[in-house]
Structures are given as structure tokens and as C-alpha cells.
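Structural characterization, general
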Amino acid sequence: MNRFFDLPSDLQHSWFGLIGLHLREALLPVLAGLLAALPIAQLCVRFRWLYPPVLGLTTVLYAIPSLAFFVVLIDYTGQTELTVMIPLAVYSLVVLVPAIVDGVRSVPQETLAAATAMGLGPVRRYLQVQLPIAVPAIIAGLRVATVSSISLVSVGMLIGNQGALGNLLNDANIYHRPELAVNSVLTTAVLAILADGALVLLRLLLTPWMPRRTGRPARVAEAARPDTATPADAAVPALEDAAR
Amino acid sequence: MIRIDSVTKRYPDGTVAVDRLSLEIPDRSITVLVGPSGCGKTTTLRMINRMVEPTEGAILLDGADVRQQPVNTLRRSMGYVIQNAGLFQHRTILDNIATVPRLLGWDKRRARARAAELMERVGLDSALAKRYPYQLSGGQQQRVGVARALAADPPVLLMDEPFSAVDPVVRKGLQDELLRIQGELGKTIVFVTHDIDEAIKLGTMVAVLRTGGRLAQYAPPAELLSAPADPFVEDFLGADRGIRRLSFFTSAGLELTSEPVVDVDATAEQIAAAAAAGTPYLLVTDRDGRPLGWSEPGELTAGAVDPDRLLSPGRPFEQGRDSLRAALDGAVLSPTGWAVAVDGTGKVSGVVSQAAVGEAIRAAHAEDRTDAKVAG
Ligand SMILES: Nc1ncnc2c1ncn2[C@@H]1O[C@H](COP(=O)(O)OP(=O)(O)OP(=O)(O)O)[C@@H](O)[C@H]1O
Ligand SMILES: [Mg+2]
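Residues numbered from 1 in each chain as written. Chains lettered and ligands numbered in written order. Predicted model: local features only at pLDDT ≥ 70, side-chain atom pairs only at ≥ 80, totals over all residues. Heavy atoms only, no water.

**Considering the sheet that holds strand β5 (residues 64-65) of chain B**
Backbone hydrogen bonds are what pair the strands of a sheet, in a parallel or an antiparallel way. Residues and elements named next belong to chain B. Pairing in this open sheet of four strands is antiparallel, and the strands run β2-β1-β4-β5 from one edge to the other. For this open sheet the edge positions go to β2 (16-25) and β5, each flanked by a neighbour on one side alone. Sheet analysis places strand β1 (residues 2-10) next to β2, joined by six bridges and oriented antiparallel. By the bridge assignment, R3 is partnered in β2 with E24. (Pairing = 2+ DSSP bridges. Helix = DSSP H or I, 4+ residues; strand = E, 2+ residues; numbered from the N terminus.)

**Notes on the UniProt feature "transmembrane region" (unreviewed entry) in chain A**
Per the UniProt record, "transmembrane region" (unreviewed entry) is found at residues 26-47, 54-76, 82-101, 133-160 and 180-206 of chain A. Structurally, residues 26-47 of chain A is divided into 95% helix and 0% strand, and its ends, taken at the C-alpha atoms, are 31 Å apart. (UniProt positions renumbered as here; feature names shortened; annotations may be inferred.)

**Considering the UniProt feature "domain: ABC transporter" (unreviewed entry) in chain B**
Mapped onto this numbering, the UniProt entry annotates "domain: ABC transporter" (unreviewed entry) at residues 2-237 of chain B. A helix fraction of 38% and a strand fraction of 25% characterise residues 2-237 of chain B, whose end C-alpha atoms lie 26 Å from each other.

**Observations concerning the confidence of the model for chain B**
For chain B, per-residue confidence averages 93 on the pLDDT scale, and 99% of positions sit at 70 or higher. Taken element by element, chain B is modelled with least confidence in helix α14 (residues 354-375) of chain B, mean pLDDT 83, and with most confidence in strand β3 (residues 30-34) of chain B, mean pLDDT 98. (pLDDT = per-residue confidence, 0-100.)

**Concerning the pattern of salt bridges**
Residues and elements named next belong to chain B. As enumerated under the stated definition, the model contains 31 salt bridges over all chains in all. Residue R3 pairs with D5 through a salt bridge whose shortest N-O separation is 3.2 Å. For R290, the salt bridge identified is with D286, shortest N-O distance 3.9 Å. Residue classification places R290 among the partly exposed residues on the basis of a relative accessible area of 38%. One network of salt bridges, with partners in common, ties together R121, R143, E177, R180 and E184. (Salt bridge = Lys/Arg side-chain N within 4 Å of Asp/Glu carboxyl O. Buried < 20%, exposed > 50% of the residue type's maximum accessible area, 1.4 Å probe, protein only.)

**Description of the UniProt feature "domain: ABC transmembrane type-1" (unreviewed entry) in chain A**
What UniProt calls "domain: ABC transmembrane type-1" (unreviewed entry) maps, in this numbering, to residues 19-203 of chain A. As annotated, residues 19-203 of chain A has a helix share of 82% and a strand share of 0%, and its two end C-alpha atoms lie 24 Å apart.

**Some details on the sheet that holds strand β6 (residues 78-81) of chain B**
Residues and elements named next belong to chain B. Pairing is mixed across the open sheet formed by six strands, whose spatial order is β6-β7-β8-β3-β9-β10. Across the chains shown, the open sheet's two edge strands, defined by having one partner strand only, are β6 and β10 (214-219). Across the sheet, the axes of successive neighbouring strands diverge by a mean angle of 15 degrees, strand direction being ignored. Judged from the four bridges that link them, β6 and strand β7 (residues 156-160) form a sheet pairing that is parallel. Considered in β7, the bridge of G79 is made with L157. Across the face of the sheet, helix α6 (residues 138-150) comes into contact with β6 and β7 while running at roughly 165 degrees to β6. (Axes fitted to C-alpha atoms, helices over the stretch in contact; angles between N-to-C directions. Contact = heavy atoms within 4.5 Å.)

**Looking at the site of ligand 1**
Residues and elements named next belong to chain B. Around ligand 1, a shell composed of Y11, D13, T15, A17, S37, G38, C39, G40, K41, T42, T43 and E161 is seen. S37 is positioned with one of its side-chain polar atoms (N or O) 2.5 Å from an oxygen atom of ligand 1. Between ligand 1 and C39, the relevant distance is 3.2 Å, taken from an oxygen atom to a main-chain nitrogen or oxygen of the residue. Compared with its free state, where it exposes 640 Å², ligand 1 has 62% of that area covered by protein. Take the shell around ligand 1: its biggest share by element is three residues, from helix α1 (residues 41-48). In terms of residue class, the shell around ligand 1 is made up of three nonpolar, six polar and three charged. (Near = heavy atom within 4 Å. Polar contact = N/O pair within 3.5 Å; in protein donor to acceptor, adjacent residues only side chain to side chain. Areas by Shrake-Rupley, 256 points an atom, 1.4 Å probe, with all protein chains shown as cover. Nonpolar A, V, L, I, M, F, W, Y, C, P; charged D, E, K, R; others polar.)

Here it is in C-alpha cells:
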């Protein structure tokens with residue numbers, strides 16, 4: 001058991017240090033993705049014709065393997081965390097943009113008309129009506145993006161040990177210590193489950209106005225890549241129910 | 001006063017929703033826009049608060065073009081009630097109602113106090129204040145919609161089919177409530193509906209629109225019923241407009257008789273005296289004078305009247321307050337063909353036969369025609 005947490009010194013981090021690093025490399029891109037997706041989605045809502053090409057573009061970007069991204073980026077950003085995080089941020093758009101667009105579009109016509117009729121201008125309408133009502137859809141998108149990002153960080157080990165917990169996989173190989181690989185996979189999975197649970201809690205806190213018993217917001221899971229499936233996905237419904 | 005001055009709305013796709021419409025909407029009264037689906041009612045209403053801009057013509061509010069004000073200032077000075085309430089699902093009932101006061105810069109406490117006051121005014125239990133819209137019934141949501149529109153005390157209220165999504169019983173309650181509130185507040189209300197009965201019940205003036213956004217007739221409801229301008233309006237009013245028109249004639253002039261009325265403790269002499277009036281039935285009342293039911297004189301035994309064996313008294317009408325329509329309804333529904341009139345306390349003030357109601361209707365029509373001639 002002690003060998004389980006006895007990490008090789010070339011990692012330059014304790015187990016907790018790796019966890020912190022992993023979370024940072026996974027979550028900052030999602031946050032950046034969210035900040036980018038909000039205005040992009042708003043443009044897509046405003047100009048309907050923009051949505052299909054934007055959707056196509058995010059899908060194409062998502063289809064680029066991370067390795068190819070690294071090859072291009074490494075010339076500019078070197079073997080750094082940034083090289084790992086940029087592709088992750090770009091990937092998150094494929095989930096977040098449609099989630100926000102669907103969320104904002106789900107606001108009933110009469111609600112919007114009522115807001116207009118009461119003298120809310122476009123900015124107030126967006127901030128006070130559309131965005132709050134889109135919160136469940138946005139968080140559903142964030143859940144998929146976050147879990148997928150946490151699992152994808154590991155590939156960063158390919159560019160000079162920038163994969164946080166993923167670096168353990170490399171070391172398991174080099175030092176013939178399979179328990180390090182087990183450590184990597186389990187820790188990543190637990191992080192994904194916890195992050196997902198935190199988002200579920202956040203949604204419950206932000207949406208006291210939603211009927212609690214009937215209908216949960218549709219998850220945008222279809223948009224997720226098959227290879228991002230983690231144990232967290234199976235645990236999600238149970239966790240959500242536990243949080244109720 | 002709101003003046004709609006030769007307004008036309010042509011949507012970008014070429015649809016003419018409103019065609020050279022002119023209307024003068026009087027202050028402090030309810031003006032109803034009614035017509036079949038797609039005839040331009042919503043478009044007209046939304047041109048008043050500039051959610052839709054007219055293609056031609058102008059809308060004047062107290063003499064000034066509505067386009068002279070900043071659009072959001074204009075909108076905040078007009079309450080708007082929308083079909084299905086259109087509540088903000090993410091805000092509590094209290095905060096929904098406080099929306100416009102907050103936009104106008106009231107502080108939170110004052111806005112909420114005002115919202116609480118309005119909840120009471122529209123008949124909402126204060127226990128609902130902290131709830132969210134999904135926790136309310138359709139009728140309650142509509143009340144919140146009305147309260148929200150009234151929150152900043154705007155002089156003008158625009159209502160677009162506000163009661164169409166609720167069942168008939170709740171709708172009647174909401175209509176009565178609106179009339180009561182209007183009696184207290186005296187707003188200038190423009191009310192859109194496709195239900196002609198609602199238009200006739202609520203409207204001081206009723207504008208009937210036909211498909212294509214043309215005005216078919218603009219008149220008070222009684223005039224609409226008595227003198228529809230053309231076959232379209234006549235058809236739109238429906239088959240029984242003659243009966244419905246009776247709602248506008250008072251029952252005050254009906255001649256009642258109390259001869260065939262006896263109370264439950266009547267003596268044999270009293271029963272015999274009542275029977276001598278010659279009517280086929282006698283009305284029995286309780287000791288307080290409230291109607292119990294009808295009976296043939298021969299069936300009544302003094303001192304042993306069995307209320308359970310009496311024929312139902314039907315639905316009594318209150319003379320003076322109810323219309324001739326209620327009196328006729330009472331007579332038609334009564335098993336004996338006689339309507340029972342009561343006073344404000346529910347005591348029988350007399351009975352009246354179908355024939356006598358018919359006589360009163362003829363007299364009222366004749367008087368109405370003379371009035372029309374004098375007025376014309
Ligand atoms: N934005 C729009 N673009 C094009 N045509 C429109 C638009 N809005 C309404 N119309 C058309 O204008 C006409 C009048 O519409 P409006 O909504 O004013 O009707 P309405 O009388 O309120 O009908 P309803 O009783 O069904 O609500 C209809 O033929 C409708 O299809
Ligand atoms: Mg309409």
C-alpha cells in the first residue's frame with residue numbers, strides 16, 4: 001500500500017500535488033471554454049444562420065486528435081501545461097456551445113415577450129431572463145465537458161510529463177510498477193465523480209425554481225466522445241439521486 | 001386616450017396583419033378587440049407598446065405619438081398581460097410581480113411591499129409569495145400575470161387573451177375579479193380575446209376585427225347585439241344573440257305577483273286564498289321567506305308541508321340587480337314556467353310567469369328602438 005503512494009521523484013510532485021495539477025489542467029480549460037462559448041452561443045441565437053457552421057466547426061476541431069494539436073502548438077507554447085490546456089478548451093466547445101444555445105432557446109416565447117413588454121432591453125433580457133433559465137442546460141453541458149476534460153488531461157504525459165496524474169502511467173511503464181497505473185486510473189475516476197457531483201450540487205443550488213420531482217434537464221451526453229467514457233458516467237445518475 | 005390612427009401593419013413576408021385600422025380607445029374603461037384567429041388582434045395590441053412597429057399610420061397616447069418616448073419608458077408605463085401568464089419561471093411570485101417597480105429603480109423592500117399589496121388585490125394568498133410559478137395552478141398564474149402588470153400602477157393595461165388558458169369556471173372568476181379591480185382602479189384597458197361572450201361581458205366598447213385586419217364594427221356590446229353591422233359580425237356573434245342581448249335590459253320593471261306564494265306554516269285558509277289566484281302552482285317559502293319549492297294547491301296540507309315533495313324553485317333572480325336574461329332563464333328552467341324573484345337578502349319578493357317576462361322583453365325592445373331613434 002505504501003508503494004502505491006510512493007511516487008517516483010522524476011514526477012516532482014506528491015500525490016496531492018499531482019491531483020492539484022490535474023484539476024487545474026482539466027478545469028481551467030473548461031472555464032475558458034465556458035467564457036468563450038457564452039458569446040459564441042449568444043451570436044448563434046441572435047443570428048440563426050450562424051449556428052450550423054459554428055456547430056460544424058466545433059465538431060471538426062473536436063475530431064482533431066490531441067496529439068496533432070500538440071505537434072502544432074509545441075512550436076508556440078513549448079512543453080508546457082498550456083499546450084495541454086488549449087486543446088482541452090477547444091474540445092469543450094463542442095459540448096458547451098450547443099448546451100447554451102439549447103438552454104437559451106428553451107426560454108418560452110411568452111416569457112421573452114413578457115420581458116420585452118415590461119421594458120427589459122436586450123442586455124437585461126439576456127442576463128436576467130435567458131441566462132438564468134438556461135442554467136440547467138449549461139450545467140448539464142459543463143458536466144460532460146468537465147468529466148471528459150479530467151480524463152483527457154492524462155495524454156499530456158506525451159509531451160514531457162505534462163499529463164499530471166497521467167504521468168503515473170508513463171512511470172508505471174518505465175519502472176515496472178503497475179500499481180502506479182492503477183493509482184492513476186482510480187484517482188482520475190474519483191476526481192471525475194467528485195467534480196461531477198459538485199456540478200450537480202451547484203445546479204440544485206442555482207435552480208430552486210425547477211420542479212424537483214418530475215423531469216431532470218436533458219443531458220447533452222450524445223455530444224460526448226465514446227472514448228471519454230469514464231467510471232464517472234455510470235456513477236452520475238446515482239450521485240444525482242443521492243444529491244436530491 | 002389612445003388613438004389608433006389609420007394604422008397598417010405589413011410583415012416582411014407580405015402578410016397584412018392590420019389594415020388601415022382607426023380606433024379611439026376611451027380612458028378608464030375596457031375596450032375589447034375581438035375577432036377570429038389571425039385577424040391581427042395581438043399585432044394591434046403590440047403596436048400600442050411598440051413591440052411591433054406600424055408600417056403606416058400612427059398611435060397617439062394622450063395626443064402624442066408613442067414613438068416620441070424612449071421605447072422602454074413607454075413599455076414600463078403600460079402593464080402587459082400575456083396568454084399563459086408568461087411568468088419568469090426562475091423568480092418567486094413576489095419577485096415576478098416586483099419586476100417593473102425594480103426596473104423603475106424602486107428599492108427592493110418597497111417593490112416587495114408593493115408586490116405583496118397587489119397579491120392581495122388580485123386575490124392571491126400571501127402564502128404563495130415565496131413560491132415559484134411551477135407551484136401554482138393556471139388560474140393563480142394568470143392572477144400573478146395581472147398583478148405583475150399592475151405593479152407600477154400604470155395608467156394603461158394591455159391584456160392579450162389573459163384568461164383563455166383556464167377552464168370556464170376559473171375564467172368567469174377571473175373576469176369578475178377584473179371587473180371588480182377595474183371598478184376600483186379605473187385603468188384604460190385594451191383587452192384582446194377571441195371569445196365574443198368575454199368581449200360582451202367585459203367591454204365598454206368592443207371592436208370586432210375580421211380576417212385581414214379590417215375593422216368590422218366598433219360599438220358598445222348592447223349595440224353590437226341589437227344592430228350587427230353586417231353578416232360577418234352577425235355570424236360572429238352567434239345564434240343566440242337575442243337571448244344574450246337581454247343581459248343589457250334590467251329586470252327592475254318586471255311586474256311580480258305574490259299571490260301564489262305561501263309559507264311553510266300556512267293555514268288552510270291562506271292556502272285556499274292563494275289557490276284562488278288561479279295559478280296552477282303555489283310557491284312555498286320557509287319561515288324566513290326564502291323559496292323552498294313549487295306545489296299544486298291540492299297537494300298542500302296545512303301544517304304538514306313536506307319540503308322534500310316540492311318541485312325545485314329553479315334559479316331565483318334578484319330583481320333590479322339581475323337582467324331580463326336571468327329572469328327569462330329562471331322562468332325557462334322552472335318546472336312550472338314561473339320565475340322566482342328574490343331581494344338582496346334572498347327573500348322571495350314575488351313570482352313572474354314566462355308570459356310576463358316575454359311582455360317585458362317586448363316592452364324593453366320597443367323602448368330601445370325609440371331611444372335609438374331619438375339618439376339617431
Ligand atoms: N412576425 C410575423 N411575421 C409574419 N406574419 C406574422 C407575424 N406575426 C403575425 N403574423 C401574421 O399576422 C396575422 C395576424 O397575427 P396576430 O398574431 O396579430 O393575430 P391574432 O388576431 O392575435 O390571432 P390569435 O387569435 O390566433 O392570437 C396572422 O396572419 C399572422 O400569421
Ligand atoms: Mg393573438
